[in-house]
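One letter stands for each residue in the lines below.
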Amino acid sequence: MLLLVIEMKRKREYAETALVGGIGYCLLEMIWRGRTHWSMALAGGACFAAAHGINGLFPRASLWRRCLMGAAVITAVEWTAGRLFNQRYQVWDYRARRGNINGQICLLYSALWFLLCIPLCALSRAIRKKCSPSAPGSC
């Protein structure tokens with residue numbers, strides 16, 4: 001029974017993390033580009049949930065390594081979202097950027113994802129601490 005409760009809390013933790021990531025990414029896009037698309041909420045949620053997972057799996061890894069892993073995952077999600085949504089809805093186009101692949105991903109944004117992972121790591125750690133089974137009033 002205790003394992004079931006812990007598993008339910010962990011699922012809620014990841015669901016809340018994905019929600020924060022989805023909303024946060026759409027807000028970031030509104031600030032950066034002045035517009036967003038509903039598919040970016042899905043991508044942002046997946047990205048933050050994945051970054052949260054990386055921080056949980058590798059808590060002792062250096063910050064730059066966790067950010068590198070996070071940037072790689074975010075770039076992979078961006079590639080996947082681009083193939084699923086971008087070609088149909090024209091959400092973004094990186095063809096004018098150096099180091100792009102089919103206009104879906106580029107080196108500049110992969111570097112920006114690396115930098116974005118710095119505050120995401122701190123936020124993830126705070127969420128994990130709040131949601132730990134020993135924390136009073138945890139998730």
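Counting restarts for each chain, with residues numbered from 1 along the sequence as it is written. Owing to the predicted nature of the model, reporting of local features is limited to residues with pLDDT of at least 70; listing and counting of side-chain atom pairs is limited to 80 or more, with chain, interface and lining totals taken over all residues. With hydrogens and water set aside, each side-chain value is computed from the structure's full complement of heavy atoms.

(A) Looking closely at the overall build of the protein. Labels follow the DSSP assignment, with helices taken as runs of H or I lasting at least four residues and strands as runs of E lasting at least two, numbered in each case from the N terminus. Of the regular secondary structure elements, the protein holds 4 helices and 2 strands. Helices and strands in the protein line up, N terminus first, as α-α-α-β-β-α. When we talk radius of gyration, it's over C-alpha atoms, and the globule rule is simply 2.2 Å times the number of residues to the 0.38. A compact globule built from 139 residues would reach a C-alpha radius of gyration of about 14 Å, and the protein, at 16 Å, matches this within 12%. The principal-axis extents of the C-alpha atoms in the protein amount to approximately 55 × 30 × 25 Å. Partly exposed describes any residue whose relative accessible area lies between the buried limit of under 20% and the exposed limit of over 50%, with all areas from a 1.4 Å probe on protein chains only and scaled to the type maximum. Counting every position in the protein, which comprises 139 residues, the buried fraction comes to 37%. Roughly 8,600 Å² of accessible area belongs to the protein as shown, and the carbon and sulfur atoms make up 69% of that amount. His residues and chain termini do not enter the charge count, which takes Lys and Arg as positive and Asp and Glu as negative. Think of each charge as sitting on NZ of Lys, CZ of Arg, CG of Asp or CD of Glu. With 18 positive and 6 negative side-chain charges, the protein shows a spacing of 5 Å between the two charge centroids. Only the protein chains shown count as cover for residues, and all accessible areas are computed by the Shrake-Rupley method using a 1.4 Å probe.

(B) Layout of the packing of helix H3 (residues 63-89) against helix H4 (residues 107-131). Every axis in this analysis is a line fitted to C-alpha atoms, fitted for helices over the stretch in contact. Angles between the N-to-C directions lie between 0 and 180 degrees. The N-to-C vectors of H3 and H4 enclose an angle of 120 degrees; their axes lie 8 Å apart at closest approach. As H3 runs across H4, the sense of the crossing is right-handed. On H4, the residues that touch Leu63, Trp64, Arg66, Cys67, Leu68, Gly70, Ala71, Ile74, Thr75 and Glu78 of H3 are Tyr109, Ser110, Trp113, Phe114, Cys117, Ile118, Cys121 and Arg125. Looking at side-chain class alone, the contact of H3 with H4 contains 12 nonpolar, 3 polar and 3 charged residues. Helix crossings are classified by the rotation of the near helix relative to the far one: an anticlockwise turn of less than a right angle makes the crossing left-handed, while a clockwise turn makes it right-handed. A contact between two residues is defined here by any heavy atoms of the two lying within 4.5 Å. Under this grouping Gly is polar, as are all residues other than the nonpolar Ala, Val, Leu, Ile, Met, Phe, Trp, Tyr, Cys and Pro and the charged Asp, Glu, Lys and Arg.

(C) Molecular detail of the nonpolar core. Nonpolar core, defined: a set of buried Ala, Val, Leu, Ile, Met, Phe, Trp, Tyr and Cys residues in which side-chain atoms within 4.5 Å join the residues together. Met40, Ala81, Trp92, Tyr94 and Trp113 are the most contacted members of the largest nonpolar core, which has 19 residues in total. For this core, the elements supplying multiple residues, two or more each, are helix H1 (2-33), helix H2 (38-57), H3 and H4. Top contributing element to this core by residue count: H3, with 6 residues. With 5 residues, the next largest nonpolar core counts Phe48, Ala51, Ile127 and Cys131 among its residues.

(D) Spotlight on the state of the cysteines. Cysteine sulfurs are considered disulfide-paired once they come within 2.5 Å of each other. What the rule picks out here adds up to 0 disulfides. Take Cys47: it sits in no disulfide, and the sulfur closest to it among the cysteines is that of Cys117, at 8.5 Å. In this structure Cys106 is not part of a disulfide, and its nearest cysteine sulfur, from Cys47, lies 14 Å away.

(E) Seen up close, the pattern of salt bridges. Any carboxyl oxygen of Asp or Glu within 4 Å of a side-chain nitrogen of Lys or Arg constitutes a salt bridge here. A full pass over the atoms with the stated rule returns 5 salt bridges. Taking the shortest distance from any N to any O, the salt bridge between Arg10 and Glu13 comes out at 2.5 Å. Here Arg10 and its partner Glu13 are both found in helix H1, 3 residues apart, which amounts to about one turn of the helix. With relative accessibility at 28%, the residue Arg10 sits in the partly exposed group. Of the charged contacts, one joins Asp93 and Arg95 as a salt bridge, the two residues approaching to 2.6 Å between their closest N and O atoms. Among the charged side chains, a salt-bridge network with shared partners connects Arg10, Glu13 and Arg128.

(F) Spatial organisation of the packing of aromatic side chains. Paired rings are identified among Phe, Tyr and Trp, the last through its six-membered ring, by centres lying within 6.5 Å, and are further divided according to the angle between planes into stacked (under 30 degrees), edge-to-face (over 60) and tilted (the rest). If you walk through the whole model with that rule in mind, you get 6 aromatic pairs. Ring centres of Tyr109 and Trp113 lie 5.8 Å apart, and the angle between their planes is 50 degrees; on these two criteria the pair is classed as tilted. Placement of the pair is Tyr109 and Trp113 together in helix H4, with a separation of 4 residues, close to one helical turn. What links up through ring pairs into an aromatic cluster is the set Tyr25, Trp92, Tyr94, Tyr109 and Trp113.

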